[in-house]
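Letter by letter, the chains look like this.
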Amino acid sequence: MSWHQELLVSFDLETTGTDIERDRIITAALVRLEGDGRVAGQQSWLLDPGVPVPEEAAEIHGMSTDYVRAHGRPPAEAIAEITDALAGALGADIPLVVMNARYDLSLLDRECRRHGLPTLTERLGHPPAPVIDPLVLDKHVDRYRKGTRALQALCGHYGVRLDGAHEAGADAAAAAGVARRIGEQYPAVALPSPRALHDLQERAAAEQAASFQAYLRRSGKPQARVEAAWPLIPYQR
């Protein structure tokens, strides 16, 4: 039986922005999905990040500065719980689905460091694995398709329902749905071992980064840095 027919746990964040070194977590969700796609459980967190929420971010996910200050939990407390939950799933060798894992897992890593908490890598004793990233998989199996590869676009392409885009729980469940559809449609990634799939994605992500870097050079933008590491961008002291 392949990974796409088995239990998955899916994770998503909504944040103050897109800079993993500077921005903060606002909401997080961890959704447990059975092999048939049924949601078997969900954990959600709302944080007061301790900094103002930019208007452009609030327009996307609906969480204003006033709202998170009134209803959000202290960040260190919530981040410890989030990281514990992820470590529990991965420690049990349950595949963790994360759309654009390079961003979400790296931002969580920096939040742990910011608050003096053990990182996910430190809790596990190794980098997070096995991780399944629908973005990396989609680029791997359908390299030359035109258009955006944002989650909403992938849901449309693979026929996955997404109710409430930019709500962490809805996005997490939809990301798992996209991953399953890719596994169903492309035998090359329907591997029996999630660890083998993780290794494939590490190679695919590096190849995708090299290809994009070459594109930037051809476009006259060689100064732009393209991150090859996956699923976690290493911390630079």
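Quick note: structure is the one above.
Residues numbered from 1 in each chain as written. Predicted model: local features only at pLDDT ≥ 70, side-chain atom pairs only at ≥ 80, totals over all residues. Heavy atoms only, no water.

Explain the pattern of salt bridges to me, please; I cannot follow it from the model alone.
If charged atoms from side chains of opposite charge come close, those side chains can pair. The full count for this structure, using the stated rule, is 16 salt bridges. With a closest N to O distance of 3.8 Å, Asp19 and Arg22 form a salt bridge. According to the relative accessible area criterion, Asp19 is partly exposed, its value standing at 32%. Assessed through its relative accessible area of 55%, Arg22 is described here as exposed. (Salt bridge = Lys/Arg side-chain N within 4 Å of Asp/Glu carboxyl O. Buried < 20%, exposed > 50% of the residue type's maximum accessible area, 1.4 Å probe, protein only.)

In this structure, what is going on with the sheet that holds strand S2 (residues 25-33)? I would like to understand it.
Backbone-to-backbone hydrogen bonds pair the strands of a sheet. The strands run either parallel or antiparallel. Strand order across the open sheet formed by five strands is S3-S2-S1-S4-S5, with mixed pairing between neighbours. Of all strands in the sheet, those bounded by a partner on one side alone are strand S3 (39-46) and strand S5 (131-132). Across two bridges, the pairing between strand S4 (residues 96-98) and S5 is parallel. Within the sheet, the bridge partner assigned to Leu96 lies in S5 and is Val131. Along the sheet, helix H4 (residues 101-114) makes contact with strand S1 (8-15), S2, S4 and S5, crossing S1 at roughly 70°. (Pairing = 2+ DSSP bridges. Helix = DSSP H or I, 4+ residues; strand = E, 2+ residues; numbered from the N terminus. Contact = heavy atoms within 4.5 Å. Axes fitted to C-alpha atoms, helices over the stretch in contact; angles between N-to-C directions.)

I tried to follow helix H9 (residues 194-218) on my own but got confused; where do I start?
The α-helix advances 3.6 residues per turn, and as a result positions three or four apart in sequence lie on the same side. Over its 25 residues, H9 extends 36 Å from the first C-alpha to the last, a length consistent with the 36 Å expected when each residue adds 1.5 Å. All buried positions along H9 are accounted for by Pro194, Leu197, His198, Leu200, Gln201, Ala204, Ala205, Ala209, Gln213, Ala214 and Leu216. Tucked into the core, H9 has its buried residues touching H4, S5 and helix H6 (134-141). Residue Gly220 follows H9 closely and has a positive phi angle near 80°. (Expected span 1.5 Å × (residues − 1).)

Everything listed here is a matter of geometry and, on its own, says nothing about what the molecule does.
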